[in-house]
Amino acid sequence: MTMEFSEHIKTANVDDVVLKLPLRPALKGTLCVTAHHLVFSERKEEGSYQLLLLLRSVDAIEKSVENLLGYPQYPSAGPGQRMTGLSGSSGTIVIKCKDLRILQFDIPGMEECLNVASSIEALSSLESVTELYPFFHRPRELSLSEPWGLSSPQQQYAQTERLWDRWRLSKVNRNFSVCMSYPRTVIVPCAIDDITLAKAASFRQGGRFPVLCYYHRSNGMVIMRSSQPMTGANRKRCREDELLLQAAIDESEMGYIIDTRSAQQAQQARMAGGGFESKAFYHHWRRLHRHLERGKVLQESLIKLVEACGDPSQNMDRWLSKLENSKWLSHVHSALSTAGLVAECVERDGHSVLVHGFEGTDTTLLVTSLAQLILDPASRTFRGFLQLLEREWVQAGHPFRQRCAHSAHSHARLRQECPAFLLLLDATWQLGRQFPLALEFSEVLLLRLAQDAYASDYGTFLCSSEQERCALQVKENTHCLFQFLLRREEREKYVNPLYEATDLAIWPSVHPQSLQLWTGLFLRWTEYAQTMDEAREEIWTIVKERKETDRPKGCAHTTLSRHDSFTNVENLMDELTVL
Amino acid sequence: MDHIRTPKVENVRWLDRLTPRRIAVGTLYLSSTHTIFVENSDARKETWVLHSLVGSVERLAGTPAGCPLLVRCKNFQVFQLLLPQERDCADVYASLAHLSRPERYGDLYCFSFQPNLDKEERERAWNFLDLLADFSRMGIPSNLWHATPANHEYRVCDTYPSELFVPKSASPAVIVGSAKFRSRGRFPVLSYYHRDTSAAVCRSSQPLSGFSARSLEDEQMLQAIMKSNPASEYVYVVDTRPKLNAMANRAAGKGYESEDHYSNIRLHFVAIDNIHVMRSSQQKLADVGDLRSPSMGDFLWGLENSGWLKHIKAVLDAGVFIAKAVAEEGVSVLVHCSDGWDRTAQACSVASVLLDPYYRTLKGFMVLMEKDWVSFGHKFSHRYAHLDGDPREVSPVLDQFLECVWQLMEQFPCAFEFNERFLLQLHTHVHSCQYGNFIGNSQKERKELRIRERTHSVWHHLWENRVEFINPLYRVDHNQTQGVLRPVTTPYCFKFWKNMYSPVERGVAMRLSDCLNAVREESQQLEEELDAHQEVPRETDAEQGIHTPTKHACLETTLALYPHATVPSHTHKLGQPSNICPPFLKNPRVLKLVTPP
């Protein structure tokens, strides 16, 4: 432990601490504060419970102490709490985690309690990335020399032969000088040289010029993404940017620009130097506006929803009005509808699409990645989905560090927090619920990702861009979450037992009745989620039993449906609506 | 066929309200029991609508394309017919309006429905369930409870079954005296006995206590119930009405038990609203399910505004209270409302489902329905408007029970042997009048109608088709299957029952039209391009699942393709009367059924 960490730890160990967790009886044991973790060990000989809590996952901490010297009784002491020691004071720390779990420690001794609380406060909000746990996490079974990340634009390009005649790899950003938040290499039209790219980049906010993110094999159409053009109040134009977009489609084709802002917002953006592609200069592109909420509005929506889920009131009207008021499901609805529109343009109508909003780092990525899930069977596999996240979120420069600094419980003043990534996971969950066989991964993976995006043992979600990751040598000094999840013994926890690949697009229903609260995430720490877990286990049991019975017949790769009556599969699918 | 002036109309257009752009053209046939629509397409797809399932028919303003008829079914399906001729439309309207509201029991479909069963098989089907066997299954100790002959010939109470179980210590005089002191003579009797704790769930109607009246016999009856549970020192009296309503009843000489007069009782009110509140609440809910393209906000607001889930929660909470009293405190419970056939049936049956795993099996659930609802005189024909009658008697009482079970199934996916489809099917059959089980308002009435001789039993039919109704996640030895079910009833556990209230939504088509509508507003040109485009997919994806194969179809689509109605097993009997039997019986695969034949 370095000096810096130990400075923050005045009391490292406290005995006779009572821990209260959701759905468990209170436990008594020893609490220990380390540089990156809270460790609680139950004081019992056998089968004792241990809690290892990453300090980074603490979202908010509430402490209350009582100094009752001279009073023999402690009227506020809760059940299970019996004072030991003679200090005559005690304290309670409530920890609200970024994964929405809430735990409580009752600590004998006011001073100890305050010390522990201030350690948690300081160590859970370390500013420097390299002080964070991923830089210290060294599990025996992993080696730092293993590959970091799953794929690169080079590999993506190399694997898609049909891209080659019209698209090329550009290293114009090799020093991150053209665009701070892009990776070193990007895929762009062959007809556009690097000088033109650099000029186009200077016309886009943050230098995020239009790049390819998805190629639709069946008709050669593409999805591109960028940030807004900086047309400003006097309608500046940029020939290079126009050329770039023109080169992405044929003379005779029509492309669509899906702007994730309302038309009014796009107009107003001009006052701040931003803007939109004018029809006069981009003849072959048609612009559609689909307003998605972003930033603070989204963060507040999450906070309201989590607050509603934690409300113990038995009043149905109150719950429904809070659920509506949070608007979270409306945001899920808009995200899926807009992605559906993009997918429809590409698949049904055969048009290429450019997606952008303001910076092109949040709602843009939400829409492009959901559209790919709808369209692309490869992105629905376990590895493919992780690759999609790596490409569209990690490498594409979603600012995880700012967006996921705090979750729904934090009392800190909101800065740049925004649950865009959580919204993607929610929308993906809705897809999985509507198409129970189409995704190779299960809800458990989505929950794991939701947790790790906010606090992780791994380096994957650290930093906000490739440039930052390089500067801080993240890839050299941390382990990669995606690589870890793909290890055989891990992978098994996260796959969907019912998966069967399909080459077809999966068109989600976005009727409000078809979208549901993601109980697995938002009610994760309630009894309600427990019975769902049991059901999930049951599905595994059924699938495993079936595999057992199939094996003697010599079928190596059996699937549920092939050996089951039609009705049974139908019935199972019905049941899956709840999971 | 006096009421069918036009038995066949050609070139009729069929529209689902939620997918207005998908129109099928075909021929409409009217039989005495069904409206049948046969598409002109090569597949000759057939849609059968049982007249007794038709809730309302509405003539809408004529359009150049034809005269529209809007038909709403009692199982919440909605469709629209577009008839070319005004005169045909008027005829069909008049026929449907008449056929969907029969005036006499004899006109109901069950009396003409003839599945392929001989007399012996029919009788065996009727004997499929045995209520007395269920009481012995409960393990009732014969020294504490016994069957009383008091109500043979329905002498004491004409809305109760003839076989009743009462505390052994209750003498005939106590029974008769208690019955006199209860609304409609519905004295306290055993509904469920919980072997593990020896506590019982009993049911009755409200006492005629007014402000001060009392009955020694009725007090003795409650005392007897308490004594039949040797370990306990009191009995809960659960009044399922809001306390204010119960108090208001006192002014009319009814009311609730006074704790001063009945020693050792504990009164508990659970505040389930009355049938009129429930009727209007469900109407509002159905309107929400009917919205064409609501925003998320519209939907959630409508859901809240209907108050429906609040009522469902109240019913479930009542069941939870009773189950806790019986299983955890070991205290017997007497449940009543006003007449003891609506809210009482709900509360008792929910409690039974929670208490006894047997009632969570397919057959056990049938037994429970037969016991707490059919035999105890839930007024099926009044509540579900089997005959043209007082609309104020109609109320979705059973719907709420089925929904409570559905909500439990959502919370405990492994706990029930049957699936959602079974509940939906049951709901349809309660309204369809195809089988005799739910005809009439009491056992006595069914006996007088000779239901067992003249109609068929639905339970046997459902049992024969059970493969469709089995929940694959159910396993006898699973922990959710064991013992008492303890649900969480925090509001967030309750969901909108989509497959009940929005049954015709097709995910794919819906989403498409949403997108297309929005696109159209912004770009006229795009619309034309898309119009040219959608001709092809729209025909295929929603209807034949070609766009997405069944297993990968969006669940919504799957449900549309395989509606909860069963594929007919007696198809050859469908076309009667034979004189207008349409020429498609060679094609028995009926893809879209509003009712199971």
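Each residue is numbered by its place in its chain's sequence as written, counting from 1. Numbering of ligands from 1 and lettering of chains from A proceed in the order in which they are written. Selection of residues for local features in this predicted model requires a pLDDT of at least 70, selection of side-chain atom pairs for listing and counting requires 80 or more, and totals for whole chains, interfaces and linings are taken over all residues. Heavy atoms throughout the structure, all of them, feed into the side-chain values; hydrogens and water do not.

- Taking an unreviewed UniProt entry as the reference, chain B is identified by name as Myotubularin phosphatase domain-containing protein belonging to Electrophorus electricus.
- UniProt positions are given in the numbering used here, feature names are shortened, and annotations may be inferred rather than shown by experiment. Comment text from UniProt for chain B, heading Sequence similarities (unreviewed entry), reads "Belongs to the protein-tyrosine phosphatase family. Non-receptor class myotubularin subfamily."

- Under the annotation held in an unreviewed UniProt entry, chain A carries the name Myotubularin phosphatase domain-containing protein and is attributed to Electrophorus electricus.

1. Comments concerning the overall build of chain B
Here is step 1 of the chain: Runs of E in the DSSP output that reach at least two residues are strands. Runs of H or I that reach at least four are helices, and both are numbered from the N terminus. A tally of regular secondary structure across chain B gives 21 helices and 15 strands.
Here is step 2 of the chain: Among the 597 residues that make up chain B, the fraction classed as buried is 64%.
Here is step 3 of the chain: Two residues form a contact once any of their heavy atoms are found within 4.5 Å. The long-range share in chain B, meaning contacts at least 24 apart out of those at least 6 apart in sequence, stands at 71%.
Here is step 4 of the chain: Of the roughly 21,600 Å² of accessible surface on chain B, a fraction of 50% belongs to carbon and sulfur atoms. Burial classes follow relative accessibility: with a 1.4 Å probe on protein chains only, a residue under 20% of its type's maximum area counts as buried, one over 50% as exposed, and anything between as partly exposed. Every accessible area reported is derived by Shrake-Rupley at a probe size of 1.4 Å, with residue values counting cover from the shown protein chains alone.

2. A look at the UniProt feature "binding site: substrate" (unreviewed entry) in chain B
Residue and element names in this part refer to chain B.
Here is step 1 of the chain: Within this numbering scheme, the UniProt entry marks Asn274, Ile275, Cys337, Ser338, Asp339, Gly340, Trp341, Asp342 and Arg343 as carrying the feature "binding site: substrate" (unreviewed entry). What stands out for the annotated residues spanning 70 residues is how close their C-alpha atoms remain, the widest pair being 12.5 Å apart.
Here is step 2 of the chain: Here Asn274 lies in the loop between strand S13 (265–269) and helix H7 (275–290).
Here is step 3 of the chain: Taking relative accessible area as the criterion, Asn274 reaches 23% and is therefore assigned partly exposed.
Here is step 4 of the chain: Those residues within four positions of Asn274 in sequence are excluded, and the remaining contacts are Asn245 and Arg343.
Here is step 5 of the chain: There is a polar contact of 3.0 Å between the side chain of Asn274 and the backbone nitrogen of Val277.
Here is step 6 of the chain: Looking at the element boundaries, Ile275 is found in helix H7.
Here is step 7 of the chain: Residue class for Ile275 comes out buried when judged on its relative accessible area of 15%. N or O atoms within 3.5 Å of each other form a polar contact, as long as, within protein, one can give a hydrogen and the other can take it, and as long as residues adjacent in sequence are counted only when both atoms are side-chain atoms.

3. Some thoughts on the UniProt feature "domain: Myotubularin phosphatase" (unreviewed entry) in chain B
Here is step 1 of the chain: The UniProt entry lists residues 125–501 of chain B under the feature "domain: Myotubularin phosphatase" (unreviewed entry), expressed in the numbering used here.
Here is step 2 of the chain: For residues 125–501 of chain B, the end-to-end C-alpha separation is 31 Å, with 44% helix and 9% strand making up the annotated structure.

4. What to know about the UniProt feature "domain: Myotubularin phosphatase" (unreviewed entry) in chain A
Here is step 1 of the chain: Summarizing the sequence annotation, UniProt attributes the feature "domain: Myotubularin phosphatase" (unreviewed entry) to residues 147–522 of chain A in the numbering used throughout.
Here is step 2 of the chain: The span residues 147–522 of chain A carries 44% helix and 8% strand; its end-to-end C-alpha distance comes to 34 Å.

5. Section: the nonpolar core
Here is step 1 of the chain: Ranked by internal contacts, the top residues of the largest apolar core, which has 247 residues, are A:Phe105, A:Leu449, A:Phe522, B:Phe365 and B:Phe401.
Here is step 2 of the chain: Ranked by the residues each element gives to this core, the list is headed by helix H9 (residues 308–329) of chain B, at 14 residues.
Here is step 3 of the chain: In this entry, domain limits derive from an automatic or database-based domain assignment. Here this core spans two domains, since at least three of its residues come from each of domain 1 (3–126) and domain 2 (153–501 + 521–525) of chain A.
Here is step 4 of the chain: Discounting residues that sit within four places of it in the chain, B:Phe365 has contacts with B:Val353, B:Tyr358, B:Tyr359, B:Phe401, B:Leu402, B:Val405, B:Phe418, B:Phe422, B:Leu423 and B:Leu426.
Here is step 5 of the chain: Buried Ala, Val, Leu, Ile, Met, Phe, Trp, Tyr and Cys residues form a nonpolar core when they are joined through side-chain atoms within 4.5 Å. Counting residues in each nonpolar core, the second largest holds 22 residues, with B:Ile4, B:Val49, B:Val71 and B:Phe79 among its members.

6. Here we look at the sheet that holds strand S12 (residues 255–259) of chain A
Residue and element names in this part refer to chain A.
Here is step 1 of the chain: Within the open sheet, the five strands sit side by side as S10-S11-S14-S12-S13. Their pairing is mixed. Edge strands, defined here as strands with exactly one partner in the open sheet, are strand S10 (211–215) and strand S13 (285–289). Ignoring strand direction, the axes of neighbouring strands in this sheet form an average angle of 25°.
Here is step 2 of the chain: In terms of strand pairing, S12 meets strand S14 (residues 353–356) through four bridges, oriented parallel. Looking across to S14, one finds that Asp259 is bridged to His356.
Here is step 3 of the chain: Inter-axis angles, ranging from 0 to 180 degrees, are taken between N-to-C directions of lines fitted to C-alpha atoms, where helices are fitted over the stretch in contact. Across the sheet, helix H10 (residues 363–375) lies against S10, strand S11 (222–225) and S14, angled at about 165° from S11, the strand it touches most. Paired strands are those between which DSSP finds at least two bridges.

7. Structural notes on the confidence of the model for chain B
Residues and elements named next belong to chain B.
Here is step 1 of the chain: When pLDDT is averaged along chain B, the result is 83; 83% of the residues meet or exceed 70.
Here is step 2 of the chain: Residue-level confidence of the predictor is summarised by pLDDT, bounded by 0 at the bottom and 100 at the top. No element of chain B has a lower mean pLDDT than helix H21 (residues 555–561), which averages 28, and none a higher one than helix H10 (residues 343–355), which averages 98.
Here is step 3 of the chain: Scored below 50 in pLDDT, residues 505–597 makes 222 contacts in the model with residues more than four places away or belonging to other chains.
Here is step 4 of the chain: The ipTM, which scores confidence in the relative placement of chains, is 0.88 for this predicted complex, and the corresponding pTM is 0.88.

8. Some remarks on unusual backbone geometry
All names here are of chain B.
Here is step 1 of the chain: One non-glycine residue, Arg44, adopts positive backbone phi at about 50°.
Here is step 2 of the chain: Within the fold, Arg44 resides in the loop between strand S3 (34–39) and strand S4 (46–50).
Here is step 3 of the chain: Arg44 gets classed as partly exposed once you look at its relative accessible area, which sits at 33%.
Here is step 4 of the chain: Located in the positive-phi region is Tyr154, a residue other than glycine, with phi close to 55°.
Here is step 5 of the chain: Counting through the fold element by element, Tyr154 comes out in the loop between strand S8 (145–148) and strand S9 (164–167).
Here is step 6 of the chain: A relative accessible area of 11% means that Tyr154 is categorised as buried.

9. A few points about the pattern of salt bridges
All names here are of chain B.
Here is step 1 of the chain: Counted as salt bridges are all cases of a side-chain nitrogen of Lys or Arg within 4 Å of a carboxyl oxygen of Asp or Glu. Going through the model one piece at a time under the given rule, you end up with 48 salt bridges over all chains.
Here is step 2 of the chain: Here Lys8 and Glu10 are joined by a salt bridge, their closest N and O atoms 3.7 Å apart.
Here is step 3 of the chain: Judged by relative accessible area, which is 48%, Glu10 ranks as partly exposed.
Here is step 4 of the chain: For Lys495, the salt bridge is made with Glu410, and the minimal N-O distance between the two is 2.8 Å. Taken as a pair, Lys495 in the loop between helix H17 (458–464) and helix H18 (498–501) and Glu410 in helix H13 (residues 397–411) lie far apart in primary sequence, 85 residues in all.

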